[in-house]
Protein chains: 2
Amino acid sequence: MNTYTANQIHLISRPSGLPTAENFKLKKVQLDEIVDHEILVKNIFMSVDPYMRGRMREDAVYAQAYPLNEVMYGGAIGEVIETLDPNFSPGDIVLNQRAWQDYFKGTGNELTKINPFDKNNISLYLGTLGMPGLTAYVGLFKFCDLKPGETVFVSAASGAVGANVCQIAKLKGCRVIGSCGSDKKSSWLKEECGVDEVINYKTCENLTEALKAASPMGIDVYFENVGGEHLQAALDCMNPFGRIAACGMIGSYNNALPEAGPNNLMLIVGKKIRITGFIVSDHADMKEKFLSEMIPWIQNGQIKSQETITVGIDKAVEAFLGLFTGQNFGKMIVKI
Amino acid sequence: MNTYTANQIHLISRPSGLPTAENFKLKKVQLDEIVDHEILVKNIFMSVDPYMRGRMREDAVYAQAYPLNEVMYGGAIGEVIETLDPNFSPGDIVLNQRAWQDYFKGTGNELTKINPFDKNNISLYLGTLGMPGLTAYVGLFKFCDLKPGETVFVSAASGAVGANVCQIAKLKGCRVIGSCGSDKKSSWLKEECGVDEVINYKTCENLTEALKAASPMGIDVYFENVGGEHLQAALDCMNPFGRIAACGMIGSYNNALPEAGPNNLMLIVGKKIRITGFIVSDHADMKEKFLSEMIPWIQNGQIKSQETITVGIDKAVEAFLGLFTGQNFGKMIVKI
């Protein structure tokens, strides 16, 4: 058994508005030798996700607030280096919630062994086969009662969740309209993912008008990743009995002060709309079915994944900040 | 067969903001003798309801817009005077959607015979036993999965819908918090309806703080009749997996320009809240069960009804306008 030096990213102050590099600090921490049933893991990939911004708030409701001056956490994939737990062996690939550090000592109950169908693509377990993919699947099938022939609008459509929503909805025979913030993302959505109409929300003059033009038959399902103006436009274009699944509202995460919401919420009544907020961790019951459908879709080339991979734990903060300025194209991953 | 002179209220211009008497006109219309299978009905009671404001807008989404210079319509109870339809007899009491007039010629398919359990209380079929009562029942049981022991918040709690929500929720073993706009209404809710806590939204300084104080265990179900600040406060106080049934947002009906919505909609995600908008006319399937529960509740004194009855069709506009300034106490009815 050896000792290791872990590089950890700590949150050292709570951001107001868009976080900056000064809110974080890279710390070197000496890890003692493992004891009892401990396991020493070296993380290979970690995920940076928009929801993490919520955990940086003192009054986090989305999930527990990150404590100050401690290492943050989140989804990661690592390799077992040393183990005193007989259920694990060195070389095991393990999914864990101990991101933002390269080495850590854990216990078996916080590690999920994965047997990747493609060893060159294990980062998929943080994206299309992981939390963002499952989020898309749960939102569409548990909360939107998706039916073939319906029209689905997806905001942040090229993002880690959005791109899966778009492609799953297409596979289920829906017409799909996506919004994104660059022409490059727009082309990928149309050409690679088969999305029917894409709106660049940064260059279209009026999102509601652009969405109306893109949805002559109205919208039946809206997958909400952004909030604000996107929600307003979706409500304006929705058909009676429309369903909205809301897994995030990235547009508001960095507001120092709360911003007023859409002015057309009365349409929820008039159009008899159902909005369901959800957090994927409550829906592990769907994981098995999700993987049984998603893995073949990926193997058959029916679901494409786009990743932006940043290298080095010292670049993790930069990668995280890039999520809020659209630097990522698809799932943002840090290779450690 | 005779001819009758009907007094009808026509919408003659579309209101901007709060409607005024000038938007309406009382017209006398000569009715021809009934022919074929027609039925001549004299309305006894008519209902004025907040949703009617929506029908006065050109761009009504809640329901069809009222055409200009024609008689308006809505729920009423009348008596058959003459009939050429053998399924009806003079003296039959009939529920109809032909309000805003004292006499009208109708056909059998637009009349529902009722056999009132109490002939002195037939106006109940426009309130507790009618559309508002069914709205309360559908909202709580179809969209809120109400469970005993939960905390329910009801806005416009002494209104036609709200008072039924409060009392049904109490009968089902819930803790109930209501909001209303006068101390008289507040006392009635507490003393007659058994509501646990009542907030006077006009005199409390801060609705969110008042609601927090009234709900130390948080809110599980919010019955939305008002919108705006009420929705904001409800979201702030809701527990994870809270449910909101939205049948109206009276606070916004008279806005000439749309008003911004709550600034805390992100809580829908963080607290995994479900909001369902609905219109009661889509849920006639629950009517039979509703009446089978509600009639005994009324007979046993377990559900109380409060009505404000205005006399004379020439006072119908005044009664309607009173809904938006809180003049009504409970269900607003016009006796014709």
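Because the structure is a prediction, the values reported are computed rather than measured. (Residues numbered from 1 in each chain as written. Chains lettered and ligands numbered in written order. Predicted model: local features only at pLDDT ≥ 70, side-chain atom pairs only at ≥ 80, totals over all residues.)

**A closer look at the overall build of chain A**
Quick note on the threshold: Runs of H or I in DSSP of at least four residues are treated as helices and runs of E of at least two as strands, each being numbered from the N terminus. We take the radius of gyration over the C-alpha atoms and set the globule estimate at 2.2 Å times the residue count to the 0.38 power. Backbone-placed C-beta atoms define the burial measure: a residue is buried with 20 or more other C-beta atoms within 10 Å of its own, exposed with 12 or fewer, and partly exposed in between.
The number of helices and strands found in chain A is nine helices and 16 strands. Radius of gyration (C-alpha) of chain A: 20 Å, near the 20 Å computed for a compact globule of 336 residues. Over its C-alpha atoms, taken along the principal directions, chain A stretches across nearly 65 × 45 × 35 Å. Evaluated residue by residue, chain A yields a buried proportion of 51% over its 336 residues.

**So, the relation of the copies chain A and chain B**
The second copy of the chain is related to the first by a rotation about an axis and a shift along the axis. What counts, and what does not: Alignment of copies: least-squares fit on C-alpha atoms of residues with pLDDT of at least 70 in both copies. Two residues qualify as being in contact provided that their C-beta atoms, derived from the backbone, are within 7 Å of each other.
By a simple turn and slide, chain A fits onto chain B: the slide is 0.0 Å along the axis, the RMSD is 0.0 Å, and the turn is 180°. Interpreted geometrically, this transformation is the action of a two-fold axis. Taking the C-alpha atom as reference, chain A places Gly-261 of chain A closest to the rotation axis, 2.2 Å from it. Mapped onto chain B, 97% of the interface residues of chain A are again interface residues, and the two copies thus contact each other with one and the same surface.

**Some remarks on the pairing of strand E12 (residues 219–224) of chain A**
Residue and element names in this part refer to chain A. We apply this condition: Here the rule is simple: two strands pair whenever DSSP picks up at least two bridges between them. Place the viewer so that the strands point away; then a crossover is right-handed whenever the path from the first strand over the helix to the second strand goes clockwise.
Taken across its six residues, E12 has six buried, putting it largely inside the fold. Relative to strand E13 (residues 238–246), E12 is paired through five bridges, and the arrangement is parallel. Across the sheet, the residue bridging to Val-221 is Arg-243, located in E13. Between the parallel pair E12 and E13, the chain is carried across by helix H6 (residues 229–237), and the sense of this crossover is right-handed.

**Re the packing of helix H5 (residues 207–214) of chain B against helix H6 (residues 229–237) of chain B**
All names here are of chain B. Where we set the bar: Angles shown run from 0 to 180 degrees and are taken between the N-to-C directions of axes, each axis being a line fitted to C-alpha atoms and, for helices, limited to the stretch in contact. For this classification, under 35 degrees means roughly parallel, over 145 means roughly antiparallel, 65 to 115 means roughly perpendicular, and everything else is oblique. By definition, any crossing whose near helix is turned counterclockwise from its far helix by less than a right angle is left-handed, and any crossing with a clockwise turn is right-handed. Here the nonpolar group is Ala, Val, Leu, Ile, Met, Phe, Trp, Tyr, Cys and Pro; Asp, Glu, Lys and Arg are the charged ones; every other residue, Gly included, is treated as polar.
As a packed pair, H5 and H6 sit with axes 9 Å apart at the nearest point and diverge in direction by 40°. Considering the angle they form, H5 stands oblique to H6. Regarding H5 and H6, the two cross each other, and that crossing is right-handed. Here Leu-207, Thr-208, Leu-211 and Lys-212 of H5 lie close against H6, whose contacting residues are Glu-229, His-230, Gln-232, Ala-233, Asp-236 and Cys-237. Classifying every residue of the contact of H5 with H6 gives four nonpolar, three polar and three charged.

**Remarks on the interface of chain A and chain B**
Interface size is commonly expressed as the accessible area that is lost once the parts come together. With 32 residues of chain A at the interface, the matching set in chain B holds 31 residues. Those elements that provide at least two residues to the side of chain A that touches chain B are helix H7 (267–270) and strand E14 (274–277) of chain A. Strand direction decides the pairing type here: E14 of chain A and strand E13 (residues 274–277) of chain B, joined by three bridges, are antiparallel. Within the sheet, the bridge partner assigned to Thr-276 of chain A lies in E13 of chain B and is Arg-274 of chain B.

**Observations concerning the domain arrangement of chain A**
Residue and element names in this part refer to chain A. Here is the rule we go by: Each domain's extent is set by a domain assignment, obtained either automatically or from a database.
Domain boundaries assigned for chain A yield domain 1 (4–127 + 305–335) and domain 2 (131–281). With 15 residues of domain 1 at the interface, the matching set in domain 2 holds 15 residues. Grouping the amino acids of the side of domain 1 that touches domain 2 by side-chain chemistry returns five nonpolar, eight polar and two charged.

**Quick look at helix H4 (residues 183–191) of chain B**
Residues and elements named next belong to chain B. This is how it is decided: In this description, one arc is meant: the one made by directions from the helix axis to the C-beta atoms.
Among the residues of H4, those classed as buried are Lys-185, Ser-186, Trp-188 and Leu-189. An end-on view of H4 places all buried positions within 165° of arc, on one side of the element. Across H4 from its buried face, at more than 90 degrees, point the exposed residues Asp-183, Lys-184 and Glu-191.

**So, the sheet that holds strand E4 (residues 70–71) of chain A**
Residues and elements named next belong to chain A. Strand order across the open sheet formed by three strands is E2-E1-E4, with antiparallel pairing between neighbours. If you trace the sheet from one side to the other, it starts and ends with strand E2 (24–31) and E4, each paired once. Across two bridges, the pairing between strand E1 (residues 4–11) and E4 is antiparallel. Each bridged residue has a counterpart across the sheet, and for Leu-11 the counterpart in E4 is Glu-70.

**Quick word on the sheet that holds strand E9 (residues 175–180) of chain B**
Strand order in the open sheet formed by twelve strands is E11(A)-E10(A)-E9(A)-E12(A)-E13(A)-E14(A)-E13(B)-E12(B)-E11(B)-E8(B)-E9(B)-E10(B), with mixed pairing between adjacent strands. Strands with a single pairing partner mark the edges of an open sheet, and in this sheet they are strand E11 (197–200) of chain A together with strand E10 (197–200) of chain B. Each strand axis lies, on average, 15° off the axis of its neighbour in the sheet, ignoring direction. Where strand E8 (residues 151–154) of chain B and E9 of chain B come together, four bridges link them in parallel fashion.

**Structural notes on unusual backbone geometry**
All names here are of chain B. In the Ramachandran plot, Asp-36 falls in the positive-phi region, its phi being about 50° despite a non-glycine side chain. Relative to the helices and strands, Asp-36 is located in the loop between strand E2 (24–31) and strand E3 (39–47). Look at Asn-69: it is not a glycine, yet its phi comes out positive at around 60°. Under the C-beta neighbour-count criterion, Asn-69 is labelled exposed, with 11 such atoms within 10 Å.

**Topic: the pairing of strand E10 (residues 175–180) of chain A**
Residues and elements named next belong to chain A. Most of E10 sits out of view: six of its six residues are buried. The alternating pattern of E10 places Arg-175, Ile-177 and Ser-179 and Val-176, Gly-178 and Cys-180 on opposite faces, both of which are buried. With helix H3 (residues 160–171) bridging strand E9 (residues 151–154) and the parallel E10, this β-α-β connection has right-handed handedness. Assessed by its sense of winding, the connection that carries the chain from E10 through helix H4 (residues 183–191) to E11 is right-handed.

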